[in-house]
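So the chains spell out like this:
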Amino acid sequence: MTSAGSSTPRTRGRRGDRPMVPKAEFESYYGRPVIKAPSWAATDIAGYFFLGGLAGAGSVFAAGAHLTGRPRTATALKVSSLAAVSLSAAALVHDLGRPGRFANMLRVLKPTSPMSVGSWLLSAYGPAAGVAAASAVTGKAPRIGALGTGAAALVGPAVASYTGVLAADTAVPAWHGVHRELPYLFVASATAAAAGMALVTGPTGENRPARCAAGLAALADTAVAAAAERRLGMVAETWREGRPGTLLRTARVLTVSGAVGAAVLGRHRGAAIASGLALLAGSACTRFGVFAAGIASAEDPKYTVVPQRETKRT
Amino acid sequence: MSEERVGFFTDTSVCIGCKACEVACKEWNAIPEDGLELTGMSYDNTRALGASTWRHVAFVEQPRPDGRTRLPLADGQQAAEEPAPDGGEVRWLMSSDVCKHCTHAACLDVCPTGSLFRTEFGTVVVQQDICNGCGYCVPACPYGVIEQRPADGRAFKCTLCYDRLGTGLEPACAKACPTESIQFGPLEELRERAALRVDELHRAGVTDARLYGHDPDNGVGGDGAFFLLLDEPEVYGLPPDPVVTTRDLPAMWRHAGAAAVSLLGGIALTFVLAGRERR
C-alpha cells in the first residue's frame, strides 16, 4: 500500500515561540525513502568529523600555548593533533576500502566538491601538524617546528570547519537544512574538544586558556544547536527524537557540565581531567548525533517530501 | 557539447508495467541481479533505483474511495469499471523511473575525483576506473538514484546507454518499450511532444496529468529525463521540488570561512582573557 503518513507536530514545552510546524500530511511510495542515505559507517565518518575538529582546533590551541609560554600544553596538543589527524586519515581510508583510493582524491582540485577541498586541506595540514609535533617532542629544529606550528594553526580552523560543508552539501534534510549553522556548530564542538584535550593533558598551572575556551565553546555550541533546530522546522524532529536525540541531549549535558566543571574546579588536577574528558565526550556525541540525525532524515520520506511541498507552494 | 542534448521522456500514461525496460537495461549493461525477494509492494520486487537497477518500474496499487484516474482508450471510450472488494475502486499507476541526468547534477558537482562527467550528449556518466568509492554522490543526489555496490564500494547508475549513443543507437530501455512509454530523442523535441501529450490528456478529461522535471528553471536546471505523471510526484516516490544542493555552496563556503575565522579569533581571545597563570 502506498502509505499516507501523518504525524502531529511535537509540542514540547521548550521555546514556545517556535513557529507552528505544518501538519505532516504526505503520500509516499510504500513508505520508501526518496533519497538515499549515505552508506558511510558512523565510526568512520562521524569519527572523522570529531577527530578532524580535535586536530584542527588543537593546533590553534597549541600555537596559542606555544606563543604564551605554556610549553607542556603546547607539546601535548601538538602530539594530540598529529595523533587525531593520523587517525582521521585512517578512518577516511577505511571508509574508502583501500589506501590507493585516497590517491584518487588528489587527481583534481574541485571547489564544488567539499570532499576534494578537504582532501587537499588534509594534505597541507597533516605534514604541518607532523613537523610541529616532531619538533616539540624531540626539541630539534625549533624554527622549523615553529613554522609547522604556525602553518598547522592557520590551516587547522579550515580542517575543523569544512566538515560542516561536507555534510551540508548533500540532499540529506537534517544536514542541508542547516547549511548555514553547521560549520559554526562544528567549530564550537571542535573548540570544546581541544579545550578538553588541553585540560586532560596539560598541567593545571597552564590551563587557564583551556578553562576559558571550554566556557566559550559550550556557550557557542548550545546557542548554535538551538538556532539549527529552529531553522529545521519539522525536520528538527530528527535532532530531538530517537538515538540522535539521545546523543545530542547527552552532548549538551556533557559539554555544559565539562565547561562548568573546568571553570569552577579546573585548578584541581582530578577535576580538570574529569571536565576535559566530559568535553571530549560531548564533542564526540555532537558529531555522532548530527550524523545519526542525518541518516534518520534520509530514511524517512516525510522529511524530504513535506518541506519540499512547502517550498513548491511558495 | 559537440552533439545535441538528448534525453528521455517517460509517458507513464501508456506504461503497462511489463518491465521490458528493466530487463533490457540489465541485459545490455550486464548489471548484476538484485536478489529474488518478494516485497509485497504490488508487482514491484526491485523497490527502487540503485547500483544494480538503472530502470525501475513502480507499481502504485491503491484502493481509492474517490475513484481512479480514467484514461481514454484509443477510440475515445472509457475503460470498464472494476469494483474493488471494499466497494471503492482500485487505482493502478505504473511508471518506469530512471536517472534524471540533471542539467545541474549534484552527483557530478560533489564527486572529488572527477569520475562523474558530462558527456557530449549532455548526459551524466560515471567513469568506473576512476571512481574511488567515497560514496559522496549517493546522499548528494536529490532523487536517490546513484548507489554504491556493497562489494566494491564504487557508484553505479544509468549511463543513458552512452556506448549505444556513440554508435547512433537508442538506449536499450527505449528500444525495448512496447508502448512507447519511454521515448528517446533530442530534449527540445521531447519537450514539445510532451506538451502536446499533456494537452491531449487534459482535453480528454484527465486533469491529473502533469509533466515532471521538464522545466529548465526547476531546482536542478531541468532534467534530461522527464516524466508525464498522473498524480503528485511523491505518490511515485519522486521528490516534489528537488534542488541541486551545490546551489547553496557559495553560502556554505562563506559560512565555513567565517566559522574558521571565528575559531581562530575565539581561541586567540581565550588566551587574551586568560592572561598569565596565577601561581
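All of these numbers come straight from a predicted model, not from anything done at the bench.

## Thoughts on the environment of A:Ala90
Residue and element names in this part refer to chain A.
For step 1, the next point in the chain: With respect to the secondary-structure elements, Ala-90 resides in helix H2 (residues 71-96).
For step 2, the next point in the chain: We classify Ala-90 as partly exposed; its relative accessible area is 44%.
For step 3, the next point in the chain: When the C-alpha atoms of Ala-90 and Val-34 are compared, they prove to be 32 Å apart, with 56 residues separating the residues in sequence.

## Examining the pattern of salt bridges
A side chain of one charge can pair with a side chain of the opposite charge if their charged atoms are brought near each other.
For step 1, the next point in the chain: Under the defined criterion, the tally for this structure stands at 19 salt bridges over all chains.
For step 2, the next point in the chain: Close ionic contact of A:Glu229 with A:Arg240 constitutes a salt bridge, the shortest N to O distance being 2.7 Å. With A:Glu229 in helix H8 (residues 208-232) and A:Arg240 in helix H9 (residues 237-240), the pair connects residues that are 11 residues apart, well separated along the chain. Accessibility assignment for this pair places A:Glu229 and A:Arg240 in one class, buried.
For step 3, the next point in the chain: Of the charged contacts, one joins B:Glu200 and B:Arg197 as a salt bridge, the two residues approaching to 3.3 Å between their closest N and O atoms. Highlighted residues: B:Glu200 and B:Arg197, both in helix H6 (residues 187-203), separated by three residues, approximately one helical turn.
For step 4, the next point in the chain: Each of the salt bridges in this network shares a partner with another, and the network as a whole consists of A:Arg309, A:Lys312, B:Asp208, B:Arg210, B:Glu232 and B:Glu234.

## Let's talk about the UniProt feature "binding site: [4Fe-4S] cluster 4" (unreviewed entry) in chain B
For step 1, the next point in the chain: Mapped onto the present numbering, the UniProt feature "binding site: [4Fe-4S] cluster 4" (unreviewed entry) falls at B:Cys111, B:Cys131, B:Cys134 and B:Cys137. Taking the farthest pair of C-alpha atoms as the criterion, the annotated set spanning 27 residues converges on one region, since that pair is 10.4 Å apart.
For step 2, the next point in the chain: Given a relative accessible area of 12%, B:Cys131 falls into the buried group.
For step 3, the next point in the chain: B:Cys131 has contacts with A:Asn104, B:Ser115, B:Val126, B:Arg154 and B:Ala155, leaving out every residue within four places of it along the chain.
For step 4, the next point in the chain: Tracing the chain through its elements places B:Cys137 in helix H3 (residues 137-140).
For step 5, the next point in the chain: In this structure, B:Cys137 is in contact with B:Cys107, B:Val110, B:Leu116, B:Ile146 and B:Ala155, ignoring residues within four places of it in sequence.

## Examining the packing of aromatic side chains
For step 1, the next point in the chain: Going through the model one piece at a time under the given rule, you end up with 13 aromatic pairs over all chains.
For step 2, the next point in the chain: Taking the centre distance of 5.8 Å and the plane angle of 40 degrees together, the rings of A:Trp175 and A:Phe291 count as tilted. Residue A:Trp175 is found in helix H6 (residues 173-176), and its partner A:Phe291 is found in helix H11 (residues 269-299); the two are separated by 116 residues along the sequence. Both residues of the pair, A:Trp175 and A:Phe291, belong to the buried class.
For step 3, the next point in the chain: With a centroid separation of 6.3 Å and an interplanar angle of 65 degrees, the aromatic rings of B:Phe8 and B:Phe184 are classed as edge-to-face. With a gap of 176 residues between them, B:Phe8 in strand S1 (residues 6-11) and B:Phe184 in strand S8 (residues 182-186) connect regions that are remote in the sequence.

About the thresholds
Residues numbered from 1 in each chain as written. Chains lettered and ligands numbered in written order. Predicted model: local features only at pLDDT ≥ 70, side-chain atom pairs only at ≥ 80, totals over all residues. Heavy atoms only, no water. Helix = DSSP H or I, 4+ residues; strand = E, 2+ residues; numbered from the N terminus. Buried < 20%, exposed > 50% of the residue type's maximum accessible area, 1.4 Å probe, protein only. Salt bridge = Lys/Arg side-chain N within 4 Å of Asp/Glu carboxyl O. UniProt positions renumbered as here; feature names shortened; annotations may be inferred. Contact = heavy atoms within 4.5 Å. Phe/Tyr/Trp six-rings, centres within 6.5 Å; stacked < 30°, edge-to-face > 60°.

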